[in-house]
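Secondary and tertiary structure notes
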Amino acid sequence: SHSAGLDLPGRFLFATLTLMTLIAILVFIEEAVYIYRKIPSSKRSIIIWINAAAPVISTTSCIGMWVPRSTMFTDFTAGIFFAIVIHKFLMMMIKECGGQKVLLRRFENGHFTISTGPCCCCCLCLPRVPITRQTVFWLKLGTFQFAVFRPVLVFLSIVLWTNGNYVLYNLSPKRPALWISCFIGALTLFALWAVGIMFRKVRILLKCKNIIPKFALYQFIVILNQLQTTIINIFATQKIIPCAPPLSSTARGSYIAQQLLIMEMFLITVISRVVYRRKYHDLEPPESVAEEPGEKNQTP
């Protein structure tokens, strides 16, 4: 490992970031134990999955930072995990409404607004879609396809990579990397779109369940994990990030990305603990939906 060649500030940075990762893991374990003891079993695993996203990304970044050669595998692991978490977040919103049957009863004559980000925020002319079992099924499929196809594409990339055909961030049209990246990008947008559509519908109903800060945390994980890393890597490939021997600019790019992710995911882990900690009563059953859920189901 090249970490032998680190100067003192470099060693200090590595030590601090590794410590942050360890603290994030401990905070998560403590949170998982709490969830296991206090939360009904129907929601338990979903909430543990969602809470695990930040510490897992932090851990893979930390391993990638110590063992630079493993970067591709750590990125892939984080990517697969993240695809599953997007699906779990959608399922959590359905569960928090009382499950699919109750959700359909609650919004019997309602409509989904599908002109929402990240796909169609500008197309305001899109029709509103009635909320039925079919449309909820399509939304679930929208996130589920990502959880299935992302690992498949990752596997394909690894096969091509061992064969020497796949070069990460080599974005020439003749190379499979570009096409695989575009395809993954499109699948990601579809999955995020499905979550966005559902969130717009349930956010007022689930306000008492803190859904807005939960959604904000989930969005941060998406943006930092996907966008930030991609932008830094493109900068590195285009040599906008200068090389500093012994590191090439791409190696430096992936370092910067990993170190930022460790700090950001550490913060998100700590904030998640606060946001998911509160105790809530369940929502009123849909018959009495006329009376607005007032102070009575907001227990600090």
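Residues numbered from 1 in each chain as written. Predicted model: local features only at pLDDT ≥ 70, side-chain atom pairs only at ≥ 80, totals over all residues. Heavy atoms only, no water.

In the nomenclature of an unreviewed UniProt entry, the protein is known as OSTA protein of Cettia cetti. Recorded under Subcellular location (unreviewed entry), the UniProt text for the protein is reproduced unchanged: "Membrane". (UniProt positions renumbered as here; feature names shortened; annotations may be inferred.)

Some details on the UniProt feature "transmembrane region" (unreviewed entry) in the protein
According to UniProt, the "transmembrane region" (unreviewed entry) feature falls on residues 12–34, 46–67, 73–91, 137–161 and 176–195. As annotated, residues 73–91 has a helix share of 100% and a strand share of 0%, and its two end C-alpha atoms lie 28 Å apart. For residues 176–195, the end-to-end C-alpha separation is 29 Å, with 100% helix and 0% strand making up the annotated structure. (Helix = DSSP H or I, 4+ residues; strand = E, 2+ residues; numbered from the N terminus.)

Considering the environment of Ala251
Along the chain, Ala251 falls in helix H8 (residues 249–275). Remark: the alpha-carbon pair of Ala251 and Pro68, spanning 183 residues in sequence, is separated by 7.7 Å.

A few points about the packing of helix H3 (residues 71–96) against helix H5 (residues 133–163)
Contact pair H3 / H5: the axes reach a minimum separation of 9 Å and the direction vectors enclose 170°. By the angle between their axes, H3 is roughly antiparallel relative to H5. A per-class count over the contact of H3 with H5 returns 20 nonpolar, 4 polar and 2 charged. (Axes fitted to C-alpha atoms, helices over the stretch in contact; angles between N-to-C directions. Parallel < 35°, antiparallel > 145°, perpendicular 65-115°, else oblique. Nonpolar A, V, L, I, M, F, W, Y, C, P; charged D, E, K, R; others polar.)

Comments concerning the environment of Arg252
Relative to the assigned elements, Arg252 resides in helix H8. Among the residues examined, Arg252 registers a relative accessible area of 26% and is labelled partly exposed. On a C-alpha basis, the gap between Arg252 and Ile232 in space is 9.6 Å, while along the polypeptide they are 20 residues apart. Not counting the four nearest positions on each side in its chain, Arg252 is found in contact with Ile241, Pro242, Cys243, Ala244 and Leu247. (Buried < 20%, exposed > 50% of the residue type's maximum accessible area, 1.4 Å probe, protein only. Contact = heavy atoms within 4.5 Å.)

Things to note about empty space enclosed by the protein
What the rule picks out here adds up to 2 cavities of 30 Å³ or more. Here the largest cavity defines a volume of roughly 110 Å³. Lining the largest cavity are 16 residues, with Ile50, Ala53, Leu217, Tyr218 and Ile221 positioned closest to its centre. Counting only elements with at least two residues in the lining of the largest cavity, the list comes to helix H2 (41–66), H3, helix H7 (211–237) and H8. By residue class, the composition of the lining of the largest cavity is 13 nonpolar, 2 polar and 1 charged. The volume enclosed by the second largest cavity comes to roughly 40 Å³. Contributing to the lining of the second largest cavity are Val27, Phe28, Glu31, Asn51, Thr269, Ser272 and Arg273. (1 Å grid on protein atoms, 1.4 Å probe; cavity = no way out; pocket = protein on both sides within 12 Å on 5 of 7 lines; lining within 4 Å. Points joined across faces, edges and corners; volume = space filled by probe spheres on them.)

Brief notes about the packing of helix H1 (residues 8–38) against H2
For any two helices packed against each other, one specifies the crossing angle of their axes together with the interaxial distance. The interhelical angle for the contact between H1 and H2, taken along N-to-C directions, is 165°, at an axis separation of 10 Å. The angle between the axes of H1 and H2 places the two elements in the roughly antiparallel class. Both H1 and H2 take part in a crossing whose hand is left-handed. Taking contact as the criterion, the partners of Phe14, Leu17, Thr18, Thr21, Ala24, Ile25, Phe28, Glu31, Ala32, Ile35 and Tyr36 in H1 are, on H2, Arg44, Ile47, Ile48, Asn51, Ala52, Pro55, Ser58, Thr59, Cys62, Met65 and Trp66. Residue composition of the contact of H1 with H2, by class: 15 nonpolar, 5 polar and 2 charged. (Left-handed = near helix turned anticlockwise from the far one by under 90°.)

Side note on the pattern of salt bridges
Per the counting criterion, the structure on display carries 6 salt bridges. Of the charged contacts in the structure, one is a salt bridge between Glu30 and Arg273, with a shortest N-O distance of 2.9 Å. With Glu30 in helix H1 and Arg273 in helix H8, this residue pair connects regions lying 243 residues apart in the sequence. For Glu30, a relative accessible area of 37% translates into the label partly exposed. Salt-bridge contacts for Glu96 lead to Lys214; the nearest nitrogen and oxygen are separated by 3.9 Å. (Salt bridge = Lys/Arg side-chain N within 4 Å of Asp/Glu carboxyl O.)

Quick word on unusual backbone geometry
Residue Asn210 is not a glycine yet carries a positive backbone phi of 65°. Taking relative accessible area as the criterion, Asn210 reaches 11% and is therefore assigned buried.

Thoughts on the environment of Leu103
If you trace the backbone, Leu103 turns up in helix H4 (residues 100–106). Here Leu103 falls in the buried class, since its relative accessible area comes to 1%. Counting along the chain gives 29 residues from Leu103 to Thr132, while the straight-line C-alpha distance between them is 9.6 Å.

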